[in-house]
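Coordinate inspection notes
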Amino acid sequence: ADIVSMWCGWVAGCYDCCMRCLGGVPYCSLVATLLCFSGIALFCGCGHQALTETERLIETYFARNLQDYIALVYIIQYFQYVIYGLASFFFLYCIVLLAEGFYTSSAARQTFGEFRSTMCGRCLSSSFIVMTYVLAALWMLVFALSALPVYFLHNMTSTCRTIDVLTETPASINQLCVDARQYGLLPWNAVPGKACGMTLSAVCKTREYQITYNLYVAAFAGAGITVLALLTYTVSTTYNFAVLRYLGRKGIGARC
């Protein structure tokens, strides 16, 4: 009987400890962190590879002279370096926000205990609110811009489908073209600069084109997931700041 009682007491103690630990988990920040990691991984990974595949498509089918697309190559390389920086920054920033969520969640669980929020904690929370709002606004712009290559490739795919339907009228097919110069990818003196008719249809059927299209769609989805994560962060950081303000009114601790 004593052994059973000791065993039951140990199990009950472990259960209470686990419940206290789970009660202190900031689930909103945790979900936002997972969303942000997955969104940034999709956007940065797929976006980086999509830019590389875009360079190959332009070089193979839309430009013959290196000087015609050398500026585009430099722009693609610049954006790839920006992607490296974005991945590193958001990885660290999400970790910091998750840590801040754990801190404030612990504060909320001890509202009526000896815990007192500090001026430093409230300053950090307000700073996170401002930064997260700014990042959410900027990432909405990134989300909108990431739709442009998807729109371009969707139009190209639609044109190719029209060509496949009109195979019996070659004269009409040759008038259906996709001009990379029209979208600012190449200068107006680039040769050929565009693909028409059956040449364009052959481009759409290549493995490189299909991979590029799918990569841009995945990067667009990743940008959308990141926007959702940042909006979730804005909710959680605002709530965290409200909690710290409430605790501050109960008694302010040491200043930093």
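Residues numbered from 1 in each chain as written. Predicted model: local features only at pLDDT ≥ 70, side-chain atom pairs only at ≥ 80, totals over all residues. Heavy atoms only, no water.

The name that an unreviewed UniProt entry assigns to the protein chain is Proteolipid protein 1a, with the source organism given as Tetraodon nigroviridis.

Focus on the overall build of the protein chain
Looking only at helices and strands, the protein chain features seven helices and two strands. Moving toward the C terminus, one meets the helices and strands of the protein chain in the order α-α-α-α-α-β-β-α-α. Looking at the protein chain as a whole, 39% of its 256 residues qualify as buried. (Helix = DSSP H or I, 4+ residues; strand = E, 2+ residues; numbered from the N terminus. Buried < 20%, exposed > 50% of the residue type's maximum accessible area, 1.4 Å probe, protein only.)

With respect to unusual backbone geometry
Note the cis peptide between V191 and P192, where omega equals -5 degrees. On the secondary structure map, P192 appears in the loop between β1 (177-179) and β2 (194-196).

Focus: the nonpolar core
Among the nonpolar cores identified, the biggest contains 50 residues, and I58, W139, M156, L186 and L200 are the most heavily contacted of them. Where this core is concerned, the elements lending two or more residues are α2 (27-62), α3 (66-109), α4 (119-165), α6 (197-204) and α7 (207-250). The element that contributes the greatest number of residues to this core is α2, accounting for eleven residues. (Core = buried A, V, L, I, M, F, W, Y, C linked by side-chain atoms within 4.5 Å.)

So, the state of the cysteines
Per the stated rule, a full pass over the model turns up two disulfides. One disulfide bridge connects C177 with C196, the sulfur atoms lying 1.9 Å from each other. On the sign convention where negative is left-handed, the bridge of C177 and C196, at about 110 degrees about the S-S bond, is right-handed. Of this pair, C177 sits in strand β1 while C196 sits in strand β2, and the two are 19 residues apart along the sequence. Residue classification places C177 among the partly exposed positions, given a relative accessible area of 31%. By sequence-ordered numbering of the bonded cysteines, the protein chain has its disulfides arranged as 1-4, 2-3. Considering cysteine sulfurs only, C36 is the nearest to C44, which forms no disulfide, with 9.6 Å between them. (Disulfide = S-S within 2.5 Å.)

Focus: the pattern of salt bridges
As enumerated under the stated definition, the model contains three salt bridges in all. For D164, the salt bridge is made with K205, and the minimal N-O distance between the two is 3.9 Å. Note that D164 is positioned in helix α4 and K205 in the loop between α6 and α7, a separation of 41 residues in sequence. In this structure K205 comes out as exposed when scored by relative accessible area, which is 59%. R181 is the salt-bridge partner of D179, the closest N and O atoms lying 3.0 Å from each other. (Salt bridge = Lys/Arg side-chain N within 4 Å of Asp/Glu carboxyl O.)

Comments concerning the UniProt feature "transmembrane region" (unreviewed entry) in the protein chain
Residues annotated by UniProt as "transmembrane region" (unreviewed entry) correspond here to residues 29-51, 72-99, 128-153 and 215-235. Regarding residues 72-99, the helix share stands at 100% and the strand share at 0%, and the terminal C-alpha atoms are separated by 41 Å. For the annotated span residues 215-235, helix accounts for 100% and strand for 0% of the residues, and the straight-line distance between the end C-alpha atoms is 30 Å. (UniProt positions renumbered as here; feature names shortened; annotations may be inferred.)

Comments concerning α6
When we look at burial in α6, the residues that qualify are G197, L200, S201, V203 and C204. Along the long axis of α6, the arc covered by the buried residues comes to 155 degrees, so they all point the same way. (Arc of directions from axis to C-beta.)

Digging into the packing of aromatic side chains
Within this structure, the stated rule accounts for ten aromatic pairs. Here Y78 and F79 contribute two aromatic rings whose centre-to-centre distance is 5.7 Å and whose plane-to-plane angle is 70 degrees, an arrangement assigned as edge-to-face. Consider the rings of F152 and Y183, whose centres lie 4.3 Å apart with planes at 70 degrees: the pair is edge-to-face. Of this pair, F152 sits in helix α4 while Y183 is found in the loop between β1 and β2, placing the two residues 31 residues apart along the sequence. (Phe/Tyr/Trp six-rings, centres within 6.5 Å; stacked < 30°, edge-to-face > 60°.)

Quick look at the side chain of Q80
Looking at the secondary structure, you find Q80 in helix α3. By relative accessible area, Q80 is classed as buried at 11%. Residue contacts for Q80: discarding those within four places in its chain leaves H48, L51 and T52. (Contact = heavy atoms within 4.5 Å.)

Details of a nonpolar patch on the surface
Taken together, the side chains of I75, Y78, F79 and V82 define a hydrophobic patch exposed on the protein surface, amounting to about 390 Å² of accessible area. For I75, the position within the fold is in helix α3. (Patch = residues over 30% accessible without salt bridge, like charges linked within 9 Å, V, L, I, M, F, W, Y side chains within 5 Å. Areas by Shrake-Rupley, 256 points an atom, 1.4 Å probe, with all protein chains shown as cover.)

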